[in-house]
Each structure stands twice: as C-alpha cells, then as structure tokens.
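# Reading the structure
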2 protein chains.
Amino acid sequence: MRISDLSRESGVSIPTIKFYLREGLLPPGRSVARTQARYDDLHLRRLRLIRALVEVGGLSLAAARRVLASIDRRGGTLHDVLADAHSALAVHGPDDDGRRAAARAETDRWLATTGWTLAPDSPARDDLADAFAALTQLGWEVTPEVFDRYRRAADEIAASEIEYVAGMPDRAASVEATVVGTVVFERALAALRRLAQEHHSRRRFGAPDP
Amino acid sequence: MRISDLSRESGVSIPTIKFYLREGLLPPGRSVARTQARYDDLHLRRLRLIRALVEVGGLSLAAARRVLASIDRRGGTLHDVLADAHSALAVHGPDDDGRRAAARAETDRWLATTGWTLAPDSPARDDLADAFAALTQLGWEVTPEVFDRYRRAADEIAASEIEYVAGMPDRAASVEATVVGTVVFERALAALRRLAQEHHSRRRFGAPDP
C-alpha cells in the first residue's frame, strides 16, 4: 500500500509516519520509484504498535526504539523480552543526592521478604525506592510494609498475565503481547484505580451522585 | 532559612528552586533585603511535594501547578481535591481520528456494570478507552471484560486508600495525602507489577535464578 493508505489505516499522519521512518522506528518500505515506496501489513502492525507505546504508554521515542529492538531480536527467551521492556520503561532519573540509596536499602530488605525471585539490578527496584523516598521525605512515618496491599494485588495480576502470554500460539504473538501488555495494561490499571477512587471517595465523603 | 539551606534540606538545586519560584509553583519567601529572602518549613514542605509530583509522579509543570492549586484552594470537599488531582493527571491527547469514541462507548458500557458511581466526564474514562482502543487496533479480540481482574484489584486498593485518607487527623494532611497518594502509589503499584511479572516470568519460562 502507499504511505497515504498506511496513514488512513493506522490513523497516523503522513508527516508522523515519515518521522518514524527517519528515526528508524518503522523499517523502510519497498522502493517502487525514486520517491515512492510500498508498505505492507507488517508496517501497519508496527505502526499500531508504535502508537500504543508512544501515545497510550507515554514512552519516549528512545524508549520505544529500545522496546521495538527487543521485539525484533531473534533468540532470547520471553523472559529476556520482558526484561528489555522493563528497562525501556524505567523512568527514574539519577540519584543526585543519595536519597534513593537509603530508600533502596529499605525497600530491598522488604522485597526480600516477599518470596519473589528478582535480579539485584531490576530497574523497577529504583522506581519503588523513589516512591518510598518521596513518602518519607514528606514526613510519612511509613515502612515499606505500606506497600503490602499493592504487592498482593500486583502478584495476582502478574501471575495471570504471565500465564496468558505463555498460552499464546506462537512466539511473535507472545513477544508482542508481553510488551503491549506491560505498557497498555499499566495505563489501564492506573485509570481503573482512579475510577475506583472516585467511586469510594464519593461514597465516603458524601459527595452527591453525578 | 536562606535559599541555600532550603536547597540542602530539600535536595533541590538552587537554580531549580529559583525556577519553581519564577513559575509560581513555590510561593515567594519573606524579603529581608533587596536580593535576599528567607524561607520557612512550609516552603520546604512544598518543595518536597513538588519533587514528589514532578520527579516521582512524572507530572509536567503545568499539571503540578494545577494539583498544587487544588491543594491550596480553601473550601471544597476531599472529593473535589481528588477530582482536581485526577484531572491534572489525565494524560490522554485529543481524539484525532475518532478511534477513542468507539472504544469509549464500549468501556463506558462495561463501567456501568461495575457498580461504581462515576461522573460521565471523569478523565480516567478516556485513559481506559485509549488502552482498550490500542488493544483492539493491535488485533486483540477482546471485550472490556479483559479488565475485570484489574478492576477487582483497583477496587480493593482504592477502598482502603480512601479509608486511610478519611482517617487522618486534619484536613491539610488529608488533602496532601490524597494528592501524594494518587501520584506516588500509582508509581509504586506500577513498579510492583513489573517486579511481580519478573518473578512469575522467571518461574514460568524457566529463566535461571539471578
């Protein structure tokens, strides 16, 4: 199909498609003339995937590129793909003032009690430590046990997610589901938590029904 | 305290503090000379709050300003504060191609079956619709019931969060906890889900222990 068809089918504008081509997120089409190329269903699929990562997942282009590279790489287990996606998604900045290091020691101690087997350098460890550091800096007198309820919910969700991916018929589908699932369902879970907060807050604080 | 003390106590650099002052996120100090001002514990607290919102929560400055304005407003219920925080946190862009509208109809239908009382214009509805639209565009043959498990987890978490906030001794603390809780625990929950995925993926796909 032409780039105009690709745009119409994907809902991504032609300038944005050209940008993704230049940036290497989308592989080049098949040249049919000096200034024309043809695209196929794989391009369309990739474009929808980029859109899910960037627009729904809020990933930077650099992070999206890392995730896509992980999908394209041959070999490696699904566990490796997941680890790559997690690395690309990690949001924490540098530990300028050593504040994270102290929080990290506490949250690592707590994580060791959860029964989870985790790599010592899992990037999400720092995200959790940053959240804990923010609470303690704000004067919340909490221990990492404040996360217990969240941990239980996360464990139940993740167990069923991994089972779902493992049950898919082919590797390409599993790989894509691993990446999309991590990004898109994270956003869905956040949205659902806010909706649930709205409901419970309305009941608890006696706000009128909408 | 001087701005240098404020910087040391908060871990925020002096140029960044000056930037927050210029941008109105941090109220001005008490002038003691033409180029000097003094700051107090309220400034320190506010600075830590900004840091939690911007660095941990990943909020834009504009979003952080809206959240802080909601905290500062007198009157209004805790429910109003929560609604303001949710508006500031909403990430969805415009619905360029009408793709969200179709997904929104389906997710709204499903939300109506949850028993939650929700405003028709809750911003998280669009975030959920975007997540659902991304899945269907990628060819996942799913209905919004795919979110059932996430909804149950979100409901349990939100119920206890609202009870926690409601039990706080004074309004200022409740308001701050509402905002911080929404932002910081969202990040913590995302981190914990990734850690749980790592654990279950390692077990399911037979990756070696780290």
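Here is what the cut-offs are and how they apply
Residues numbered from 1 in each chain as written. Chains lettered and ligands numbered in written order. Predicted model: local features only at pLDDT ≥ 70, side-chain atom pairs only at ≥ 80, totals over all residues. Heavy atoms only, no water. Helix = DSSP H or I, 4+ residues; strand = E, 2+ residues; numbered from the N terminus. Buried < 20%, exposed > 50% of the residue type's maximum accessible area, 1.4 Å probe, protein only. Contact = heavy atoms within 4.5 Å. Salt bridge = Lys/Arg side-chain N within 4 Å of Asp/Glu carboxyl O. Buried area = accessible area lost by both parts, 1.4 Å probe. Least-squares fit on C-alpha atoms with pLDDT ≥ 70 in both. Pairing = 2+ DSSP bridges. Axes fitted to C-alpha atoms, helices over the stretch in contact; angles between N-to-C directions. Parallel < 35°, antiparallel > 145°, perpendicular 65-115°, else oblique. Left-handed = near helix turned anticlockwise from the far one by under 90°. Nonpolar A, V, L, I, M, F, W, Y, C, P; charged D, E, K, R; others polar. Core = buried A, V, L, I, M, F, W, Y, C linked by side-chain atoms within 4.5 Å. Arc of directions from axis to C-beta. Expected span 1.5 Å × (residues − 1).

### So, the overall build of chain A
Broken down by element type, chain A carries 9 helices and 2 strands. Shown N-terminal to C-terminal, the secondary structure of chain A runs as helices and strands in the order α-α-β-β-α-α-α-α-α-α-α. Once the C-alpha set of chain A is aligned to its principal axes, its extents read approximately 65 × 50 × 40 Å. Sorting the 210 residues of chain A into buried and exposed places 50% on the buried side. By sequence separation, contacts in chain A at least 24 residues apart represent 57% of the contacts at least 6 residues apart.

### Here we look at the pattern of salt bridges
For the structure shown, the criterion picks out 32 salt bridges over all chains. A salt bridge links Arg65 of chain B to Glu23 of chain B; the nearest nitrogen and oxygen atoms lie 2.9 Å apart. Residue Arg65 of chain B is located in helix 4 (residues 61–72), and its partner Glu23 of chain B is located in the loop between helix 2 (14–22) and strand 1 (30–33); the two are separated by 42 residues in the primary sequence. A relative accessible area of 32% means that Glu23 of chain B is categorised as partly exposed. Between Arg151 of chain B and Asp148 of chain B there is a salt bridge, with the nearest N and O atoms lying 3.8 Å from each other. With Arg151 of chain B and Asp148 of chain B both in helix 8 (residues 148–166) and 3 residues apart, the pair spans about one turn of that helix. For Arg151 of chain B, a relative accessible area of 17% translates into the label buried. The class of Asp148 of chain B is partly exposed, set by a relative accessible area of 23%. Put simply, Arg100, Arg104, Asp108, Arg125, Asp126 and Asp130 of chain A are held in one network by salt bridges that share partners.

### Examining the interface of chain A and chain B
Interface size, as often reported, equals the accessible area lost upon joining of the parts. Counting residues at the interface gives 86 residues for chain A and 86 residues for chain B. When the area that chain A buries against chain B is broken down by residue, the three leading residues are Leu138, Arg193 and Arg194 of chain A, summing to 9%. Taking the shortest distance from any N to any O, the salt bridge between Asp127 of chain A and Arg194 of chain B comes out at 3.9 Å. Top contributing element to the side of chain A that touches chain B by residue count: helix 9 (residues 171–204) of chain A, with 25 residues.

### What to know about the relation of the copies chain A and chain B
Rotating chain A by 180 degrees and translating it 0.0 Å along the rotation axis places it on chain B, where the RMSD comes to 0.0 Å. One copy is carried onto the other by what is essentially a two-fold rotation axis. Closest to the rotation axis within chain A is the C-alpha of Ala153 of chain A, separated from it by 2.8 Å. Mapped onto chain B, 100% of the interface residues of chain A again fall at the interface, so both copies present the same surface.

### Structural notes on the pairing of strand 1 (residues 30–33) of chain A
The side chains of a regular strand alternate between the sheet's two faces. Residues and elements named next belong to chain A. Summarising the sheet, strand 1 and strand 2 (residues 36–38) pair through 3 bridges and their orientation is antiparallel. Within strand 2, the residue paired with Ala33 across the bridge is Gln36. Here strand 1 hands over to strand 2 after 2 residues, the two strands then running antiparallel side by side.

### Looking at the packing of helix 6 (residues 99–111) of chain B against helix 7 (residues 123–137) of chain B
A packed helix pair is summarised by two numbers, namely the angle formed by the two axes and the spacing between the axes. Residues and elements named next belong to chain B. The N-to-C vectors of helix 6 and helix 7 enclose an angle of 110 degrees; their axes lie 8 Å apart at closest approach. The orientation of helix 6 relative to helix 7 falls into the category roughly perpendicular. Both helix 6 and helix 7 take part in a crossing whose hand is right-handed. Contact residues: Arg99, Arg100, Ala103, Arg104, Glu106, Thr107, Asp108, Trp110 and Leu111 in helix 6; Arg125, Asp126, Leu128, Ala129, Asp130, Phe132, Ala133, Ala134 and Gln137 in helix 7. Within the contact of helix 6 with helix 7, the residues separate by chemical class into 8 nonpolar, 2 polar and 8 charged.

### With respect to the nonpolar core
Judged by nonpolar contacts, the single largest core of 127 residues is most densely connected at Leu128, Phe147 and Leu192 of chain A together with Leu128, Phe147 and Leu192 of chain B. Not counting residues within four places of it along the chain, the set of residues in contact with Leu192 of chain B comprises Trp110, Leu111, Trp116, Leu128, Phe147, Tyr150, Arg151 and Ala154 of chain A.

### Overview of helix 1 (residues 3–10) of chain B
For helix 1 of chain B, every residue scored as buried is listed here: Ile3, Leu6, Ser7 and Ser10 of chain B. Viewed end-on, helix 1 of chain B has its buried residues packed into an arc of 100 degrees, placing them on one side of the element. Residues of helix 1 of chain B that are buried sit in contact with helix 7 (123–137) of chain A together with helix 2 and helix 3 (41–56) of chain B.

### Observations regarding helix 8 (residues 148–166) of chain A
An α-helix turns once every 3.6 residues. As a result, residues three or four positions apart point the same way. With 19 residues, helix 8 of chain A extends 27 Å between its outermost C-alpha atoms, agreeing within 8% with the 27 Å of an ideal straight helix rising 1.5 Å per residue. Those residues of helix 8 of chain A lying buried are Tyr150, Arg151, Ala153, Ala154, Ile157, Ala158, Glu161, Ile162 and Val165 of chain A. One side of helix 8 of chain A holds all its buried residues, which, seen down the axis, span an arc of 160 degrees. Where helix 8 of chain A is buried, its residues touch helix 5 (78–89), helix 6 (99–111) and helix 9 of chain A together with helix 8 and helix 9 (171–204) of chain B.

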